[in-house]
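Okay, here's what each chain looks like letter by letter:
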Amino acid sequence: MKFNRPIKLAGLSAIPLRAEGGVSPKMALGSMPTRPALLIRLQDTSGCYGWGEVWANFPPRANIHKAHILEDVIASHLNNLTFVDPREVNEVLRSKLSIYFLHIGQQQVFEHILAGLDIALWDLSLRSAGVPFVDFLGLKSKVGNTYATSINATDLEKFIPKHAKMGQTFFKLKIGFEEHGTKEIVQKATVLCPVGSKIMVDSNQSWSLNEATTHLRDLEQYNLVFAEEPLRADANFCEWEQLVSSTNVPIAAGENIYGEHAFLRMADLGVQYLQPDVAKWGGISAILDLVKKLPDEVKVWPHFMGTAVGQFAALSISAAIGESSYCEVDVNENPLRTQLCVQPIKIQNGSIALPQSPGLVPEPLKQSLSFLNEKVA
Ligand SMILES: [Mg+2]
């Protein structure tokens, strides 16, 4: 199905959020003592609206920085802009602002903003047409498959059995922290995993080629689904190729890759699992376009770590792809994921039901927006 009604944009609100407290995953970039996030609310001239999310996990005030860019640089270009397909807005903004972002050295920040806007444009377009995403695409299954992610080394006993009970069968472990070992964590998780479930590991770009080769050789016996970001996302292509050919552990990457060409190149080099983040690059439009160009043996398992708004967008991509795609869902406590929206994130039989109401994502609750709102001085 295609969008076929012109929509005229009337305004944009950037809404920085922050969740305090709770347990955060231990990240390669540091701890997350609080969880920053950034939502976008677009409105059209008829009063209809759409919600999106821009990736803003790091640095701690990324949400405020990007909110300022949306208000100061982007908003004026959107007012009175008419579009039929969300891709048209992306093209207009790229043609008007790509040199601006090149000049200020923030091209990837521009990509994050374009991705978040695309989510909001899809939500607005679907809401305006009165159609839920699953019906717009004519999907038989109205759920997105999920896998359990960001399980800290110290929380294996807590989260693996808990999420196995929810029907999840894939568990992703954070590794690359010396104090916990690598093989040791995987060995421990293997014992905890029920029969039929599988493990994958994420070392968050922390290894050199030599380290990655050695560690993956050590991990081959565990029949991992994949090893995520075993190299820096910008490691040269020969290194990726060399690593792929040195191990039988399937390789995954994507949360730090930008551009369709770069994703296709990674697939060419033998990366078997691509993990674009819907709030970081491409939004719904470019990721769905990318999926159509990939060979069948390459899987797309969306990366995600943020609020319920982006989470539902990422789940929608998995649902659109079908059975072969599983979307990442953080196991750690985060009210931005669990308390923000009208429709809760509830994992049942390993999957999450997508909204049946018009739009892409469920609407954030007013009281949650106010409770989680960033208190900007
Ligand atoms: Mg990762």
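Residues numbered from 1 in each chain as written. Predicted model: local features only at pLDDT ≥ 70, side-chain atom pairs only at ≥ 80, totals over all residues.

Draft legend 1. Spatial organisation of the nonpolar core. In terms of nonpolar packing, the biggest core is built from 109 residues, with Ile40 and Val278 touching the most fellow members. Among the elements that make up this core, the one with the highest residue count is helix α3 (residues 107-129) (11 residues). When residues of this core are assigned to domains, at least three map to each of domain 1 (7-133) and domain 2 (138-353). In contact with Val278, not counting residues within four places along its chain, are Ala115, Ile119, Gly283, Ile284, Ile287, Pro302, Phe304, Gly310, Ala313, Ala314 and Ile317. (Core = buried A, V, L, I, M, F, W, Y, C linked by C-beta atoms within 7 Å. Buried ≥ 20, exposed ≤ 12 C-beta atoms within 10 Å, placed from the backbone. Helix = DSSP H or I, 4+ residues; strand = E, 2+ residues; numbered from the N terminus. Domains from an automatic or database assignment. Contact = placed C-beta atoms within 7 Å.)

Draft legend 2. Inspection of the pairing of strand β5 (residues 143-151) at higher detail. Among the nine residues of β5, eight are classified as buried, and the element is accordingly described as predominantly covered. Pairing of β5 with strand β14 (residues 351-353) involves three bridges; the strand directions are antiparallel. Each bridged residue has a counterpart across the sheet, and for Val143 the counterpart in β14 is Ala353. In the sheet, β5 pairs with strand β12 (residues 327-330) via four bridges, with the strands oriented parallel. What sits directly across from Tyr147, in β12, is Glu328. By the bridge criterion, two bridges tie β5 to strand β6 (residues 170-174) in an arrangement that is parallel. (Pairing = 2+ DSSP bridges.)

Draft legend 3. Focus on the domain arrangement of the protein. Split by domain assignment, the protein resolves into domain 1 (7-133) and domain 2 (138-353). With 30 residues of domain 1 at the interface, the matching set in domain 2 holds 31 residues. When contributions to the side of domain 1 that touches domain 2 are tallied by element, the ones reaching two or more residues are β1 (7-20), β2 (34-44), β3 (49-54), α2 (86-103) and α3. Grouping the constituent residues of the side of domain 1 that touches domain 2 by class yields 16 nonpolar, eight polar and six charged. (Nonpolar A, V, L, I, M, F, W, Y, C, P; charged D, E, K, R; others polar.)

Draft legend 4. Layout of the sheet that holds β3. The strand order across the open sheet formed by four strands is β3-β2-β1-β4, and the pairing between neighbours is antiparallel. Edge strands, defined here as strands with exactly one partner in the open sheet, are β3 and β4 (82-83). Against the sheet, helix α1 (residues 62-78) engages β1, β2 and β3, with an angle of about 175 degrees to β1. (Axes fitted to C-alpha atoms, helices over the stretch in contact; angles between N-to-C directions.)

Draft legend 5. The pairing of β6, seen in detail. With five of its five residues buried, β6 lies for the most part within the structure. Of the two faces of β6, the one carrying Phe170, Lys172 and Lys174 and the one carrying Phe171 and Leu173 are both buried. With helix α5 (residues 156-165) bridging β5 and its parallel neighbour β6, the resulting β-α-β unit is right-handed. What joins β6 to strand β7 (residues 198-202) is helix α6 (residues 183-192), and the crossover it makes is right-handed. (Right-handed = clockwise from strand over helix to strand, strands pointing away.)

Draft legend 6. Main features of α6. Those residues of α6 not exposed but buried are Ile185, Val186 and Ala189. Axial view of α6: buried residues confined to an arc of 95 degrees, hence all on one face. Seen from the open side of α6, the exposed residues pointing more than 90 degrees away from its buried face are Glu184 and Val191. Buried residues belonging to α6 abut α5, β6, β7 and α7 (209-219). (Arc of directions from axis to C-beta.)

Draft legend 7. Representation of the environment of Gly176 within the structure. Note that Gly176 resides in the loop between β6 and α6. C-beta crowding within 10 Å serves as the criterion here: with 20 such atoms nearby, Gly176 is assigned to the buried category. Sequence separation of Gly176 and Asn204 is 28 residues, and the distance between their C-alpha atoms is 7.6 Å.

Draft legend 8. Seen up close, unusual backbone geometry. Omega for the bond connecting Phe58 with Pro59 falls within 30 degrees of zero, at -15 degrees, which places this linkage in the cis form. Looking at where Pro59 falls in the secondary structure, it is placed in the loop between β3 and α1. Phi is positive for Asn204, close to 50 degrees, though the residue is something other than glycine. Locating Asn204 in the fold gives a position in the loop between β7 and α7. Look at Asn204 and you get partly exposed, because 18 C-beta atoms sit within 10 Å.

Draft legend 9. Expanded view of α2. In this model α2 runs 26 Å from its N-terminal to its C-terminal C-alpha over 18 residues, within 8% of the 26 Å that 1.5 Å per residue would give. At Leu97, α2 is deflected by roughly 50 degrees, the largest bend along its length. Residues of α2 that are buried include every one of Pro86, Val89, Asn90, Leu93 and Phe101, and no others. Contacts from the buried residues of α2 go to α1, β4, α3 and α10 (283-293). With its phi angle positive at about 70 degrees, Gly105 sits one or two positions after the end of α2. (Expected span 1.5 Å × (residues − 1). Bend = angle between axes of the 7 residues up to and from the residue.)

Draft legend 10. A look at the packing of α7 against helix α8 (residues 237-246). At their nearest, the axes of α7 and α8 sit 10 Å apart, and the two run at 15 degrees to each other. Overall, the two elements α7 and α8 adopt an arrangement that is roughly parallel. As α7 packs across α8, the resulting crossing turns out to be right-handed. Residue-level contacts link Leu209, Ala212 and Thr213 of α7 to Glu239, Gln242, Leu243 and Ser246 of α8. (Parallel < 35°, antiparallel > 145°, perpendicular 65-115°, else oblique. Left-handed = near helix turned anticlockwise from the far one by under 90°.)

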